[in-house]
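# Descriptive analysis of the structure
The chain contents come next:
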Amino acid sequence: MAGNPRHDGTPGGPGATGTRPAATGTRPGANGTPTCAEPRPGTPKAVGIVWGLLVLNTLGSAGAKTIVPLPRSLIQMVTMGALVAAFALALALNLRLRVRPGAYVSLLTLLLVPSVISSAYLESGFGALFRCTRLALFVGTLWLLSRWWDGGLTFVRHHIRIYFAVLGSVAAGAVVSPGAAMPELYGGRLVGALWPLTPPQIGQYAAVIIGLTVLLLVGRRTDRASAAVVIVLSFVLLALTHTRTATLGLLIGLTLAIGSLVMTSAAARRFFAWAVLIAVVAAVAFNSALQAWFLRGQSQENFSNLTGRAKVWDALLAAPRTGSEQLFGVGLGDKSYGGLPIDNSWLAVYHEQGLTGTALVVAVFVVLGGVALLRPPSLHRACAIFLISYCAIASYTEAGLGDASPYLLHLAVAASLLAAPAVTAPPPTPAVPRRRLPGRARGSEVT
C-alpha cells in the first residue's frame, strides 16, 4: 500500500516499497546545533521475501483437511525449508553481519539457554532438539534483519501484505469449496481449505492486519481504497472464524493504540468518536446476534471453563516437578499436556522452559511496553502499542511466545518500530588552507 502525500507535499510515509529515504543531511540537536545522522541503508526488496519465508515457517502443519490432501511430512518440509531459506537469504543480504543490538532479540537469544538445557534431557524426545535448532535459526534471522530496524513502517507494510496474501488463500479456498472451508468438525467455523489453518490462526492474522491498516489510515499513510479492501475482507474472515480472543485483542489493542494518539491527532479523535458511536448502536441493535456469535452455541459451563482449557491448566499446575523441571522446563514440545493443547502461552513456556523462560518472556513485554510508553505520541508508537497489547491479550488463550511463532513476529515488528535511528558523531571538518598573499600585498598591510 503506497503512502499518501501530506498537505505540504512531502511524502506521507515509506512509499510503495515501504522504505525510508536515506538521511543525507543534518538535523538539529536538542540545543539547536546541527548533528549528523548516520545514513540509513536502503532496505532491499529481498527483505520482504525473507519476512514472507518467516511467516510461511510459522503457519504450522496442523489444521483442517484441505481440498487437495497434503501430507504433514511435506508441509513440515516446506515450512522448515522456508526457515532455512530465510536465514540463508538474510545472511546473503547482510554478509558483513551488521546488526542492531536490541533488548528484544537479546532476550530471545537468552531464551535459547533454558530451551537447550531442558531439551538436552530428551524428555520430549529428539523433536525437542529439532525445535531448538528451529528457534535458533529463527532468532538468527531476526538478528540479521535487525540491521534495517530503524523505527520506520517498512516491516509493518511487509506484515500486512504477507498476511493479507495468506488470508487471500483462505478466501479462495472458501470460494472453491465452502464445505471444506467451514467443516462440521470445527462447528462451521472458517478454516484453511488450501493450506491447513485453524480458525484461531485465521482470526489472529485478520485481527492483526485490520488493526495495523486502521492505524495507517488514521495516520494518513495509506489510501482509503486499498485500506477498505484489506479491512473489509479481513473483517469478514474474522467474523466467519468466530474467534473471540482475536476479536477482543483487536478491540482492546486498537482502543489503546488510538488512545495514545487522541491528544495529538485530530483524525484519531474523530475515529475514536465514530468508533464509540458505532459500537454503542451495534450493541443495542444487534445485542442478541452478537451474544449468539460470542457464545458459539456453547453452554454456560463450557464457556466458563474456556472450552475445557481450564481443566488442562489445572492438571498441568498440579503435576509434580523436579527442581530442574521447575527452573528450565521439560524441553520444547508441541505445546500440549497429556495429549491436549495447553492454549496458554505462559503455562506453555513454564511447562517447556520453566521459570527461567517465563521470566524472560515477562522481560520482553516489560521492555517493549516500557519503551513504547516512554516514546512521544506517534503513529509508529501506536502501531507498536497495538501489537504488544494484542500479543499480551492473546497469550491467555493461545500458545507461542516461547517458540518460533507469529506472535514473535508481531513483537519483532513492534521492536522495529521502537528502534531509534543510529546517530554518530559529526565527521571532522576539513581544515581550510590559508590563502597566501603576494609579497607586495603583505608589505602594504598596516601593522
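Residues numbered from 1 in each chain as written. Predicted model: local features only at pLDDT ≥ 70, side-chain atom pairs only at ≥ 80, totals over all residues. Heavy atoms only, no water.

The subject of this paragraph is the overall build of the chain. When you go through the chain residue by residue, the secondary structure sums to 18 helices and 4 strands. Carbon and sulfur atoms form 68% of the exposed surface of the chain, whose accessible area is close to 21,800 Å². (Helix = DSSP H or I, 4+ residues; strand = E, 2+ residues; numbered from the N terminus. Areas by Shrake-Rupley, 256 points an atom, 1.4 Å probe, with all protein chains shown as cover.)

Considering all chains together, one arrives at 6 aromatic pairs under this definition. Between Trp 346 and Phe 365 the ring centres are 5.8 Å apart and the planes differ by 45°, which places this aromatic pair in the tilted class. Judged by relative accessible area, Phe 365 falls into the buried class, the value being 13%. Here the aromatic cluster, defined as three or more aromatic residues joined through ring pairs, consists of Trp 51, Trp 149 and Phe 155. (Phe/Tyr/Trp six-rings, centres within 6.5 Å; stacked < 30°, edge-to-face > 60°. Buried < 20%, exposed > 50% of the residue type's maximum accessible area, 1.4 Å probe, protein only.)

Here the focus is the confidence of the model for the chain. Across the chain, pLDDT averages 84, with 81% of residues at or above 70. A low-confidence stretch, residues 1-40 stays under pLDDT 50, and its non-local contacts, those more than four residues away or across chains, total 81 contacts. Below pLDDT 50 for its whole length, residues 440-447 participates in 2 contacts with residues either more than four positions away or in separate chains. (pLDDT = per-residue confidence, 0-100. Contact = heavy atoms within 4.5 Å.)

A separate point is a positive patch on the surface. Positive charge collects at one region of the surface, where Arg 220, Arg 224, Arg 269 and Arg 270 lie side by side. Looking at where Arg 224 falls in the secondary structure, it is placed in helix H8 (residues 224-241). Accessibility expressed as a relative area gives 71% for Arg 224, which makes it exposed. (Patch = residues over 30% accessible without salt bridge, like charges linked within 9 Å, V, L, I, M, F, W, Y side chains within 5 Å. Salt bridge = Lys/Arg side-chain N within 4 Å of Asp/Glu carboxyl O. Lys, Arg positive; Asp, Glu negative; His and termini not counted. Charge placed at Lys NZ, Arg CZ, Asp CG, Glu CD.)

This next bit is on the nonpolar core. Formed by 100 residues in total, the largest nonpolar core has its most connected members in Trp 51, Tyr 104, Leu 142, Leu 145 and Trp 149. Sorting elements by how many residues they give to this core places helix H7 (residues 199-218) first, with 12 residues. Apart from residues no more than four positions distant in its own chain, Leu 142 is found in contact with Trp 51, Leu 54, Tyr 104, Val 105, Leu 108, Trp 149, Leu 409 and Ala 412. Residues Val 312, Leu 316, Leu 347 and Ala 348 belong to the second largest nonpolar core, which totals 7 residues. (Core = buried A, V, L, I, M, F, W, Y, C linked by side-chain atoms within 4.5 Å.)

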